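Examining the three-dimensional arrangement
Spelled out from the first residue to the last, the chains are:
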Amino acid sequence: MKSIFLFLSRMRQYFKKSNGIFLVFLIGGMLNSILVAYCYGNLVPVVTNRNMGGRTYQEYVISFASTPPSREAVRQLQESPLVQACIFTSGQISSDHIIYTYDADYPLEIRKGTGNFTDPYQVIVPSRESRGIGKTVILGSNLFEIVGVSDFSWYFISEQAFEQIGGFNSISKIRVYSAGREVDGNDRVESLIKELFPHATIGGANDQRIRDANDSPVILKLIGIQTFLSVVSFTFLLQYILSSLRKENVVCLILGASKARTAVFVFRDAFVLSFGVNVLGLLTHRLLYDPVFRELNLYTHITYSYQDYCMLLFALTMFSVIAAIPVVLKEVLSTPMAAKRRNLC
């Protein structure tokens, strides 16, 4: 019980003796925790793709020089069990935009909005498009409502709209996606394409993956370095806060407390301050995620689990404690004589 009262007393004195710096440390640490959580969710493929499957595809690009494919051959391609998704384009629809049909099984990352069309004349636009969701854009001579934003440089419309504006009568390119090489076997897919479109030019098969999860360890390391550097930048504030009780620490040494015991007190204070700030920052991110931070995400489907927050809290606190070790040692190694020379006693 005495240890608890001593700890609470030290916390109160930290705030009273350096309240301005204490508040800066509190706000800065919380913002840093929120920034780390944002980077973790938006940049690490394992987290970003959590609700997208992270599947591997084989891509085949079928080009038609002059004669477009028959509607029957296209239908057979779409209905084949070897094919996961097909998207079509026609150069005659618009000279200003590259337009493809949209397939729900196509590996498309939706940044904002949705890929679910409720009306034939809706479109998913590239991120460079200046008009946002709910606005309209003219493709060729047709008006489309924007319902989603993707990472691709193409415009995606429904097959129904593509057919109504004559797209299937002037197909210039088909992109075919099969499941992974180990599942379907690429030779069978390519044989099917050659059988249905004997005069077409076939490119592929190329591996396509939704933001390759193999990149996750590298990105996590980069985020870890960024986190550690940002934590170190706040260490001088922690040093200022801890030094506000330097006189009390020296008095403890004079009265017979060992340096090891005094180090435990100071290290405990540094740990609790860092841990508390990180908890408040991550808690703020969690509570305000739906109304605020979800809108700031690069992708709307990103979700955070409690395991994610626990891992982030552990990493942030660990980095904070490592960065605080030199500060704690500096405070504890002050001898009474050194304190007297600095007029602390």
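Residues numbered from 1 in each chain as written. Predicted model: local features only at pLDDT ≥ 70, side-chain atom pairs only at ≥ 80, totals over all residues. Heavy atoms only, no water.

When you go through the chain residue by residue, the secondary structure sums to 14 helices and ten strands. When burial is assessed residue by residue, the chain has 45% of its 345 residues classed as buried. About 17,700 Å² of surface is accessible on the chain, with carbon and sulfur atoms providing 60% of the total. (Helix = DSSP H or I, 4+ residues; strand = E, 2+ residues; numbered from the N terminus. Buried < 20%, exposed > 50% of the residue type's maximum accessible area, 1.4 Å probe, protein only. Areas by Shrake-Rupley, 256 points an atom, 1.4 Å probe, with all protein chains shown as cover.)

This paragraph deals with the nonpolar core. Core analysis: the biggest nonpolar cluster contains 33 residues, and Leu 77, Val 123, Ile 174, Val 176 and Phe 197 have the highest contact counts within it. Beyond its immediate chain neighbours, meaning those up to four positions away, Phe 197 contacts Ile 62, Phe 64, Pro 69, Ala 73, Val 74, Leu 77 and Ile 174. If you look at the next biggest cluster of nonpolar residues, it comprises 19 residues, including Ile 223, Leu 282, Ile 302 and Leu 312. (Core = buried A, V, L, I, M, F, W, Y, C linked by side-chain atoms within 4.5 Å. Contact = heavy atoms within 4.5 Å.)

Summed over the entire model, instances satisfying the criterion amount to twelve aromatic pairs. Relative to Phe 319, the ring of Phe 228 lies with its centre 5.7 Å away and its plane at 65 degrees, an arrangement referred to as edge-to-face. Note that Phe 228 is positioned in helix α8 (residues 216–233) and Phe 319 in helix α13 (residues 306–332), a separation of 91 residues in sequence. According to the relative accessible area criterion, Phe 228 is partly exposed, its value standing at 28%. (Phe/Tyr/Trp six-rings, centres within 6.5 Å; stacked < 30°, edge-to-face > 60°.)

As paired strands, strand β4 (residues 110–113) and strand β7 (residues 142–150) are joined by three bridges and run antiparallel to one another. Bridge pairing in β7 links Lys 112 to Val 149. Taken together, the five bridges between strand β5 (residues 122–126) and β7 define a ladder with parallel strand orientation. Its bridge partner being in β7, Val 125 is matched across the sheet by Val 149. (Pairing = 2+ DSSP bridges.)

Moving on, we come to helix α4 (residues 71–79). Those residues of α4 not exposed but buried are Ala 73, Val 74 and Leu 77. Taken down its axis, α4 places every buried residue within 100 degrees of arc, on the same side. (Arc of directions from axis to C-beta.)

Next up on the list: the pairing of β5. Working note: regular strand, side chains alternate between the two faces of the sheet. With respect to burial, β5 is a largely interior element, five of its five residues being buried. In terms of strand pairing, β5 meets strand β8 (residues 155–157) through two bridges, oriented antiparallel. For Val 123, the partnering residue across the bridge sits in β8 and is Ile 157.

So, about the pattern of salt bridges. Summed over the entire model, instances satisfying the criterion amount to six salt bridges. We note a salt bridge from Arg 175 to Glu 59, for which the minimum N-O separation is 3.1 Å. Taken together, the residues Arg 175 in strand β9 (residues 173–178) and Glu 59 in strand β1 (residues 56–63) connect sequence positions 116 residues apart. There is no split in this pair, since Arg 175 and Glu 59 are both buried. (Salt bridge = Lys/Arg side-chain N within 4 Å of Asp/Glu carboxyl O.)

Counting all residues, the mean pLDDT for the chain is 77, and 75% of those residues have values of 70 or more. Here helix α6 (residues 181–184) is the element of the chain with the lowest mean pLDDT, 45, and β8 is the one with the highest, 90. Across residues 182–186, where pLDDT falls below 50, the model places nine contacts with residues more than four positions away in sequence or in other chains. (pLDDT = per-residue confidence, 0-100.)

Position of Asn 278 among the secondary structure elements: in helix α11 (residues 259–287). At 3.0 Å, the side chain of Asn 278 forms a polar contact with the backbone oxygen of Ser 274. (Polar contact = N/O pair within 3.5 Å; in protein donor to acceptor, adjacent residues only side chain to side chain.)

Judged by side-chain polarity, Phe 267, Phe 271, Phe 275, Ile 325 and Leu 329 come together as a nonpolar surface patch covering roughly 420 Å² of accessible area. Listing elements by their share of the nonpolar patch, those giving two or more residues are α11 and α13. The element best represented in the nonpolar patch is α11, accounting for three residues. With respect to the helices, strands and loops of the structure, Ile 325 is situated in helix α13. The exposure class assigned to Ile 325 is partly exposed, which follows from its relative accessible area of 38%. (Patch = residues over 30% accessible without salt bridge, like charges linked within 9 Å, V, L, I, M, F, W, Y side chains within 5 Å.)

Considering the arrangement of structural elements, one finds Gln 122 in strand β5. Separated by 2.8 Å, the side chain of Gln 122 and the backbone nitrogen of Thr 118 make a polar contact. Only 3.3 Å separates the side chain of Gln 122 from the backbone nitrogen of Asp 119, close enough to count as a polar contact. In this structure Gln 122 touches Asn 116, Phe 117, Phe 144, Glu 145, Val 147, Phe 156, Ile 157 and Ser 158, once residues within four positions along its chain are discounted.

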